[in-house]
Amino acid sequence: MDLSTETLMDMYRKMRTIRMFEDKLSELVNTGKLAGFLHLCAGQEAIAVAVCAHLRDGDVVNSNHRGHGHCIAKGVDIDGMMAELFGRSTGTCKGKGGSMHIADLDKGMLGANGIVGAGIPLTVGAALTAQIKETGGVAVAFFGDGATNQGQFHEGLNMAAVWNLPAVFVAENNGYGEATPTEFVTPSTDLTKRAASYCMRTESADGMDFFDVYEKAGRAIEVARKGEGPTLLECKTYRYYGHYVGDPMTYRKPEETEEWKTKRDPLDKFEAEAVSRGLVEQGNLRRIDDEVRESIEKSVAAAEAAPFPSVDELTTDVYYEND
Ligand SMILES: Cc1ncc(C[n+]2csc(CCOP(=O)(O)OP(=O)(O)O)c2C)c(N)n1
Ligand SMILES: [Mg+2]
């Protein structure tokens, strides 16, 4: 494996930040301190971090409604994100986007998206731009299993394949779309089969295993960067929270969730492997835990103290003016 101790610790820090960010949001909503409709990605951290580890500054990602992890993995600042969720003017989008519309173009984060599947054609467009301008850039779409039943998925994959675009389509197959099990609405739970009709290369990874995703995403991104076409990368995973914060979760048994949490947790798995191979020291990981916890607490305090956008901000950043 080509990962240094320093890089591994950085990967762990990012995964731990996503986990603690999501756990904190759940607590804030449940204690009435934060309002809004939130979809948390705890359990799915390894995918975002392992994929984004291969991306460069000029590369871009598109996300979905469950997008906090993708933002953090692509380098969006958590203070800005927290303030955004609190609707404050210091937020990533000046408090006017919220959870499902966080975008940070400077970081190559083209946006979370509340419309299931909508990040896919945006990714195709970004990949086409990279191809035409010969930037060597790669565009990545993160989406769920449910999105693979959308027309946008099929149209997007078709176009990316026909034009041999530098794109990677990352399907986070967490077994459910809202309360519906994947097998109830999708003929095969092996989503890579869907790429066959577009003659697209595929990779299938254990989304709970950072190292597996890292290896397969690395190949897919390298192929795209070399101009050898797109890949559909399926990552099998699980979301620990419900579809949204407040979901009563009557459609799945608590034992099922418990099994994933206790036996397949991506952070535990990463730690067990990295420590047993002598790549990182456990004490350093605990130090990172403490630092991340403190940074999340600070981001909440700063967000709560920040002002709301003023009324004259209402019509700014809404329409693009061509000057
Ligand atoms: C076009 C569209 N249809 C329906 C919805 C309502 N909706 C929001 S999330 C979701 C489920 C998405 O499931 P999946 O793609 O598997 O992502 P997950 O929530 O599991 O991460 C649905 C149906 C929507 N937002 N957009
Ligand atoms: Mg899903």
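Description of the structure in this document.

## Side note on the site of ligand 1
Part 1 of the reasoning: In the region of ligand 1, 15 residues are neighbours, and H65, R66, G114, G146 and Y176 sit closest.
Part 2 of the reasoning: Here a nitrogen atom of ligand 1 sits 3.1 Å away from a polar atom, N or O, in the main chain of V116.
Part 3 of the reasoning: One nitrogen or oxygen atom from the side chain of N174 is found 2.8 Å from an oxygen atom belonging to ligand 1.

## A word on unusual backbone geometry
Among all residues save glycine, negative phi is the norm, and among peptide bonds the norm is trans.
Part 1 of the reasoning: Positive phi, close to 50 degrees, is recorded for E178, a residue that is not glycine.
Part 2 of the reasoning: Along the chain, E178 turns up in the loop between β5 (176-177) and β6 (180-181).
Part 3 of the reasoning: Phi at C199 is positive, roughly 50 degrees, even though this residue is not glycine.
Part 4 of the reasoning: Residue position: C199 is located in the loop between α7 (182-185) and β7 (201-206).

## Structural notes on helix α5 (residues 119-133)
Part 1 of the reasoning: For α5, with 15 residues, the first-to-last C-alpha span of 21 Å sits near the 21 Å given by 1.5 Å per residue.
Part 2 of the reasoning: Taken from the residues just after α5, E134 is the one with a positive phi, measuring 55 degrees.

## Description of the nonpolar core
Part 1 of the reasoning: V51 and F210 are the most contacted members of the largest nonpolar core, which totals 64 residues.
Part 2 of the reasoning: For this core, the element with the highest residue contribution is helix α1 (residues 5-30), accounting for 11 residues.
Part 3 of the reasoning: Leave out the neighbours within four places in its chain, and V51 touches V140, F142, V170, V213, A217, I221 and L233.
Part 4 of the reasoning: Counting 21 residues, the second-largest nonpolar core is a separate cluster that includes I120, F143, F153 and A195.

## Describing the pattern of salt bridges
Part 1 of the reasoning: Summed over the entire model, instances satisfying the criterion amount to 24 salt bridges.
Part 2 of the reasoning: The partner of K14 in a salt bridge is D10, and the shortest N-O contact between them spans 3.4 Å. Placement of both K14 and D10 in helix α1 is noted, with a separation of four residues, approximately one turn of the helix.
Part 3 of the reasoning: Among the residues examined, K14 registers a relative accessible area of 22% and is labelled partly exposed.
Part 4 of the reasoning: A salt bridge links E215 to R219; its shortest N-O distance comes to 3.2 Å. A residue pair is termed a helical-turn pair when its members lie 3 or 4 positions apart in one helix, as E215 and R219 do in helix α8 (residues 210-225) at four residues.
Part 5 of the reasoning: E215 gets classed as partly exposed once you look at its relative accessible area, which sits at 44%.
Part 6 of the reasoning: Look at R219 and you get partly exposed, because its relative accessible area is 34%.

Thresholds, definitions, all that
Position numbers for residues count from 1 along each chain, tracking the sequence in the order it is written. Chain letters start at A and ligand numbers start at 1, both assigned in the order the entries are written. Local features are withheld for residues below a pLDDT of 70 in this predicted model, meaning they are given only at 70 or higher, and side-chain atom pairs are given and counted only at 80 or more; totals for whole chains, interfaces and linings count all residues. In computing side-chain properties, one takes all heavy atoms of the structure into account and sets aside hydrogens as well as water. By convention in these notes, a residue is near a molecule or strand provided one of its non-hydrogen atoms lies within 4 Å of it. Side-chain atoms alone can form a polar contact between residues adjacent in sequence; in general such a contact is a pair of N or O atoms within 3.5 Å, and within protein one must be able to donate a hydrogen while the other accepts it. Helix and strand definitions follow DSSP, with helices as H or I runs of at least four residues and strands as E runs of at least two, each counted in order from the N terminus. Expected helix span is taken as 1.5 Å per residue step, with the number of steps being one fewer than the number of residues. Definition of nonpolar core: a set of buried residues of the types Ala, Val, Leu, Ile, Met, Phe, Trp, Tyr and Cys, connected through side-chain atoms within 4.5 Å. Working definition: with a 1.4 Å probe on protein chains only, accessible area under 20% of the residue-type maximum means buried, over 50% means exposed, and in between means partly exposed. We call two residues in contact when some of their heavy atoms are within 4.5 Å. Here, a salt bridge means any Lys or Arg side-chain nitrogen found within 4 Å of an Asp or Glu carboxyl oxygen.

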